[in-house]
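# Structure assessment
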4 protein chains.
Amino acid sequence: MVKHAHASEDKEKRRNAILGAALSLFLKDTRRLPSAAAIAAKAGLAKGTVYLYFTSKEQIFAALLSREWDAFLATLRRSFAEEPGHPSRAVDRFVDNFVDFLASRTYFLRLDSLGYGLLEANLSPAEFRDFKRSFATSLNRTSAEVDKALALEAGDGLRLLLRSYALARGLFQTLDFPAHILNDSQPEDHPLTGFDFETELRAALVEYWRGALASPPRSPRRRK
Amino acid sequence: MVKHAHASEDKEKRRNAILGAALSLFLKDTRRLPSAAAIAAKAGLAKGTVYLYFTSKEQIFAALLSREWDAFLATLRRSFAEEPGHPSRAVDRFVDNFVDFLASRTYFLRLDSLGYGLLEANLSPAEFRDFKRSFATSLNRTSAEVDKALALEAGDGLRLLLRSYALARGLFQTLDFPAHILNDSQPEDHPLTGFDFETELRAALVEYWRGALASPPRSPRRRK
Amino acid sequence: MVKHAHASEDKEKRRNAILGAALSLFLKDTRRLPSAAAIAAKAGLAKGTVYLYFTSKEQIFAALLSREWDAFLATLRRSFAEEPGHPSRAVDRFVDNFVDFLASRTYFLRLDSLGYGLLEANLSPAEFRDFKRSFATSLNRTSAEVDKALALEAGDGLRLLLRSYALARGLFQTLDFPAHILNDSQPEDHPLTGFDFETELRAALVEYWRGALASPPRSPRRRK
Amino acid sequence: MVKHAHASEDKEKRRNAILGAALSLFLKDTRRLPSAAAIAAKAGLAKGTVYLYFTSKEQIFAALLSREWDAFLATLRRSFAEEPGHPSRAVDRFVDNFVDFLASRTYFLRLDSLGYGLLEANLSPAEFRDFKRSFATSLNRTSAEVDKALALEAGDGLRLLLRSYALARGLFQTLDFPAHILNDSQPEDHPLTGFDFETELRAALVEYWRGALASPPRSPRRRK
DNA sequence: CATGAATGAGGTTTCATTCAT
DNA sequence: TATGAATGAAACCTCATTCAT
């Protein structure tokens, strides 16, 4: 028997079920976004139902990404919330949390990387702008806390965050070798395979933050 | 009248024509890879002919990317070739060359970013491995020169390069707002629009290298 | 708050609200029948409620058409009711009323023309037969009055009416160029645009009736 | 083994095969236009191949209609070509040819009637204009011959043709009861079933032309 | 009676690639 | 070698209608 989600609480639950189905399918094959039909089937819903909750397939993944982003930023914020007054400890915790989160959810960077391109190509400009804006808004909120916790000039936290994430995203894309690529291949075939994403990211962040905190991380010649 | 390319010289020319057509089409709309039909038309060839020179559409873009990568790495190598014995000057030149190259060919990062995902999804695993390997080989060659020029331990140059490029790729993807997205929107809509890729990249690289050279850039707990 | 229509008077009112909503929506875009969802929304009702009053979307338009048909036939009947004993005056009035009605409600012919096909495709055979029958019944009633007023043999009035309406419907379909088709086009592009439906219809009716009344309008070889 | 139609003669043949498949499918169920997939299958072609010859499903039917229109008009022209100098004989032949053609190809009027609405709804405005224009052009050519043959004032032939066709189209739509509608029903259920399209059309045309030729068929108050 | 969430069939079109010519 | 016609899988989304609430 079909359940109708009339209460907004039930609707939220159903929305999440769709998101969950989409994610679980993506996990099985991270090469491409699963089809809308597959997501519906996995969620135990009819195809049309999915479109009651999302206006397009890409919006599902945009929502997924937003959800993950929020979790990520919340994790980062926690690094600075504890032990106020010990900036250097905060930075250490930040690096730990940053790396741990991403290393434990590799699909996040994978999805984000795929999203670049796919979302832009298939969302309307307005939808894409909304997506980016909501990301930027969350980021700004978090970076304001960074500014405060580390007693930085306004805006410096944002740059630190941006660059840290750039490092993560970039390293991931270079070092990521999905299972299906690795099959039947000799290790010596991949000069870069020896590099472990988590290890590299941690090291890179440590280096970057060392350099950044050595002097104000301002952009040397920032545009007006 | 149909032209037959018998001499291998002509074949090379035709191959380049296809590459050129692909790039010029991509430049016109960087949202997606141009279609095989469009590339053929632009190159003045029949659709089938394109497949005599490339085994798939994605191979065209893989070749394009390799070509650009070689040019990029050659540029970087030049930074270290001049004035042997002045490491710090070399680093400055490196940053300049690095940033200038990418800023003057934004389509390169765009293509590289799109390629992640698209190439992997549509190239066979073996083809994809080859693509990655050729990239890694070039990179290794260049990083060996970095090691020598900066008197680093073997492998450190590779890490510096990898992380520098990660920074570039990651920043680009976060800060890139193609023209069609910006249209009809207020500047204040984009909290990140104020950030200029070139400026940010230069600043980030300076910070990173400062931190990296402050102490050996080794991975702290490198996997065996 | 939800309004319940218990009294049958209220029900009639609600039914009419749906009809009105359907018509007003159709007027806005005569290319297609409005969707059930749109009709419900316009009528201020839930989608399901519409189906309490009509068994299908097409039934709404069948009802609308019947309503209009009745109005049309009533108008025609008036032509013959006045001034009994002056058949030729009656014919003139008939043509006037006929043309004026249709010219002032072009959506009627539009709807009727669209209905052909759409109703047949989507109504059940039984429903479609009912629809046609009710139309035929009204028509017969009217044509009996025509027979009497013009002192025709039984059945001749029906033929006159049928053919007059055929002329109207056929001319409309040939001469109708909706606004959205005309946009951005040069007048000389449409060799038929110079023809005005109202003018042509009047002239055609005059000709037809002249010929028809010149001798009995019987079908020469009527089927048994 | 797959045949490739390289010669333009073969291409024309293939185009006609698609048209033929579309028509034969339509004949089987005249309630709706057959799907593009069904047409392709019937023509023994892949779905994509159909789109090499027509830009959309509706264009197939537009082409079909144009083809039939041309045949129809050619038939009508023949009525006036023979026996120059005997206008009244020409009119008789015209009525005969007109009725015979339509009665022997009832799908034509059916398709034309369905087309009204379907083509307009699904063709782009520009495509629809082209379709209408080509129809008008053919019509004008034919009516010029009518003018000459019947020694009419320029433009009168066009009106005669237009009105004759209006009569046919309108009568058809009113009298047409497809097989699936008639099943399981009593004859007395359909007060209009007694009317035979062919008979009625002939009678109506005779009446109309009698009236029209009794005096110039000009529109009484033609718009400038 | 009223609601609106859920259904799911249905059909068009694109485009990378193949293969007959 | 070159051509371009043919292939056919792939996937989205709409919307009339039903039915749980």
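Residues numbered from 1 in each chain as written. Chains lettered and ligands numbered in written order. Predicted model: local features only at pLDDT ≥ 70, side-chain atom pairs only at ≥ 80, totals over all residues. Heavy atoms only, no water.

### Notes on the overall build of chain A
The condition is simple: The numbering of helices and of strands both runs from the N terminus, where a helix is a DSSP run of H or I of at least 4 residues and a strand a run of E of at least 2. Categorising residues by exposure relies on relative accessible area from a 1.4 Å probe, with only protein chains included: less than 20% of the type maximum marks a residue as buried, more than 50% marks it as exposed, and the intermediate range marks it as partly exposed. When checking whether two residues touch, look at their non-hydrogen atoms; a contact exists if any pair is within 4.5 Å. Each accessible area value is a Shrake-Rupley result obtained with a 1.4 Å probe; residue values ignore everything except the protein chains displayed when judging cover.
Scanning chain A for helices and strands turns up 10 helices and zero strands. Put simply, chain A has 224 residues, and 52% of those count as buried. Pairs at least 24 apart in sequence give 68% of the contacts found in chain A among residues at least 6 apart. Approximately 10,000 Å² of chain A is accessible, and the part contributed by carbon and sulfur atoms is 53%.

### Digging into the UniProt feature "DNA-binding region" (unreviewed entry) in chain A
In plain terms, the rule: UniProt positions are given in the numbering used here, feature names are shortened, and annotations may be inferred rather than shown by experiment.
When the UniProt feature table is mapped to this numbering, "DNA-binding region" (unreviewed entry) covers residues 35-54 of chain A. Between the end C-alpha atoms of residues 35-54 of chain A there is a gap of 14 Å, over a span that is 75% helix and 0% strand.

### Some words on the protein's contact with DNA strand E
Quick note on the threshold: We call a residue near a molecule or strand whenever a single non-hydrogen atom of that residue lies within 4 Å of it. Pairing of N or O atoms within 3.5 Å defines a polar contact, subject to two protein rules: one partner must be a possible hydrogen donor and the other a possible acceptor, and residues neighboring in sequence count only if both atoms are side-chain atoms. Each residue is assigned to one class: nonpolar for Ala, Val, Leu, Ile, Met, Phe, Trp, Tyr, Cys and Pro, charged for Asp, Glu, Lys and Arg, and polar for all the others, Gly among them.
In the vicinity of DNA strand E, 44 residues are found, and the nearest of them are Arg14(A), Thr49(A), Arg14(C), Thr49(C) and Lys57(D). Of all DNA strand E atoms lying within 4 Å of any protein atom, the proportion belonging to sugar or phosphate reaches 69%. One nitrogen or oxygen atom from the main chain of Gly48(A) is found 3.1 Å from a base nitrogen belonging to DNA strand E. At the level of secondary structure, the elements contributing two or more residues to the surface near DNA strand E comprise α1 (8-28) and α3 (47-53) of chain A, α3 (47-53) of chain B, α1 (8-28) and α3 (47-53) of chain C together with α3 (47-53) of chain D. The class makeup of the residues in the surface near DNA strand E is 18 nonpolar, 14 polar and 12 charged.

### A word on the pattern of salt bridges
Filter applied, for reference: We define a salt bridge as a side-chain nitrogen of Lys or Arg found within 4 Å of a carboxyl oxygen belonging to Asp or Glu.
Counted under the stated rule, the structure contains 56 salt bridges over all chains. Residue Glu207(B) pairs with Arg163(A) through a salt bridge whose shortest N-O separation is 3.1 Å. Of this pair, Glu207(B) sits in helix α10 (residues 197-214) while Arg163(A) sits in helix α8 (residues 156-175), placing the two residues on different chains. For the pair shown, Glu207(B) and Arg163(A) are each scored as buried.

### Here we look at the protein's contact with DNA strand F
Around DNA strand F lies a shell of 43 residues, among which Tyr51(A), Lys57(A), Arg14(B), Arg14(D) and Thr49(D) are the nearest. In DNA strand F, atoms within 4 Å of the protein come from the sugar-phosphate backbone in 71% of cases. Lys47(A) places a side-chain nitrogen or oxygen 3.4 Å from a base nitrogen of DNA strand F. A distance of 3.5 Å separates a phosphate oxygen of DNA strand F from a polar side-chain atom of Lys11(D). For the surface near DNA strand F, the secondary structure elements donating two or more residues are α3 of chain A, α1 (8-28) and α3 of chain B, α3 of chain C together with α1 (8-28) and α3 of chain D. Looking at the surface near DNA strand F residue by residue, the classes come out as 18 nonpolar, 13 polar and 12 charged.

### A look at the packing of aromatic side chains
Rules: Here a Phe, Tyr or Trp ring, Trp counted by its six-membered ring, pairs with any other such ring whose centre lies within 6.5 Å, and the pair is stacked when the planes are under 30 degrees apart, edge-to-face when over 60, and tilted otherwise. The rule for a charge over a ring is simple: NZ of Lys or CZ of Arg within 6 Å of the ring centre, and within 35 degrees of the ring normal.
Enumeration over the complete set of coordinates arrives at 54 aromatic pairs over all chains. When the ring of Trp69(A) is compared with that of Phe108(A), the centres are 5.7 Å apart and the planes differ by 85°; the resulting orientation is edge-to-face. With Trp69(A) in helix α4 (residues 57-81) and Phe108(A) in helix α6 (residues 106-122), the pair connects residues that are 39 residues apart, well separated along the chain. Within the aromatic cluster, the residues linked to one another by ring pairs are Trp69(A), Phe72(A), Phe80(A), Phe94(A), Phe98(A), Phe101(A), Phe108(A), Phe135(A), Tyr165(A) and Trp209(A). Sitting over the ring of Phe177(B), Lys132(A) keeps its end group 5.3 Å from the ring centre.

### Section: the packing of helix α4 (residues 57-81) of chain B against helix α7 (residues 125-150) of chain B
Think of two packed helices as two axes; the pair is described by the angle between the axes and how far apart they sit. All names here are of chain B. Here is the rule we go by: Each axis is a line fitted through C-alpha atoms, taken for helices only over the stretch in contact, and angles between the N-to-C directions span 0 to 180 degrees. What sets the label is the angle itself: under 35 degrees gives roughly parallel, over 145 gives roughly antiparallel, 65 to 115 gives roughly perpendicular, and the rest give oblique.
Taken N-terminus to C-terminus, the directions of α4 and α7 make an angle of 0°; their axes are 10 Å apart at the nearest point. Between α4 and α7, the angle falls in the class roughly parallel. On α7, the residues that touch Gln59, Ala62, Leu65, Ser66, Trp69, Asp70, Leu73, Arg77 and Phe80 of α4 are Glu127, Phe131, Ser134, Phe135, Ser138, Leu139, Thr142, Glu145, Val146, Ala149 and Leu150.

### Describing the packing of α1(B) against α4(B)
All names here are of chain B. Here α1 crosses α4 at 90°, and the two axes come no closer than 10 Å. One element, α1, and the other, α4, form an angle in the roughly perpendicular class. Where α1 approaches α4, its residues Arg15, Asn16, Ile18, Leu19, Ala22 and Leu23 are matched on the opposing element by Ile60, Phe61, Ala63, Leu64, Arg67 and Glu68. Here the contact of α1 with α4 is composed, by residue class, of eight nonpolar, one polar and three charged.

### A closer look at helix α10 (residues 197-214) of chain D
Note that an α-helix has 3.6 residues per turn; residues three or four places apart therefore point the same way. So the rule is basically this: One less than the residue count of a helix, multiplied by 1.5 Å, gives the span that helix is expected to have.
Taking 1.5 Å of rise per residue, 18 residues should cover 26 Å, and α10(D) covers 25 Å from first to last C-alpha, within 8% of that figure. Judged by how many residues are buried, α10(D) sits mostly within the fold: 13 of 18 residues are covered.

### Focus: unusual backbone geometry
Phi is positive for Ala151(A), close to 55°, though the residue is something other than glycine. With respect to the helices and strands, the residue Ala151(A) is situated in the loop between α7 (125-149) and α8.

### Observations concerning the nonpolar core
Quick note on the threshold: Buried Ala, Val, Leu, Ile, Met, Phe, Trp, Tyr and Cys residues that are joined via side-chain atoms within 4.5 Å together make up what is termed a nonpolar core.
Phe98(C), Phe98(D) and Leu102(D) are the most contacted members of the largest nonpolar core, which has 141 residues in total. Those residues in contact with Phe98(C) that lie beyond four places of it in its chain are Phe72(C), Leu76(C), Ser164(C), Tyr165(C), Ala168(C), Leu201(C) and Leu205(C). One finds Leu19(A), Tyr53(B), Leu119(B) and Phe177(B) within the second-largest nonpolar core, a separate group that totals 139 residues.

### A few points about helix α8 (residues 156-175) of chain D
Compared with the 28 Å implied by 1.5 Å per residue over 20 residues, the 28 Å span of α8(D) between its first and last C-alpha is a close match. When you tally the buried positions in α8(D), you get 20 out of 20 residues, the bulk of the element.

### Things to note about the confidence of the model for chain A
Selection criterion: The predictor attaches a confidence to each residue, called pLDDT, with possible values from 0 through 100.
On average, residues of chain A carry a pLDDT of 88, and 90% of them reach 70 or more. Throughout residues 217-224 of chain A the model reports pLDDT below 50, and contacts reaching past four residues in sequence, or to other chains, amount to 25 contacts.

### Overview of the side chain of Asp147(D)
All names here are of chain D. As a reminder, the rule being used: Counting rule applied: Lys, Arg positive; Asp, Glu negative; His and chain ends not counted.
Among the structural elements, Asp147 can be located in helix α7 (residues 125-149). For the buried residue Asp147, which engages in no salt bridge, the nearest side chain bearing the opposite charge is Arg159, 7.6 Å off. A polar contact of 3.0 Å, which involves the side chain of Asp147, links it to the backbone nitrogen of Gly155. Residues contacting Asp147, with those up to four places away along its chain left out, are Leu152, Glu153, Ala154, Gly155, Asp156, Gly157 and Leu158.

### Focus on the environment of Ala21(C)
Residue and element names in this part refer to chain C. Topologically, Ala21 is positioned in helix α1. The exposure class of Ala21 is buried, given its relative accessible area of 5%. Taking C-alpha positions, Ala21 is 5.6 Å from Ile39, a pair spaced 18 residues apart along the chain.

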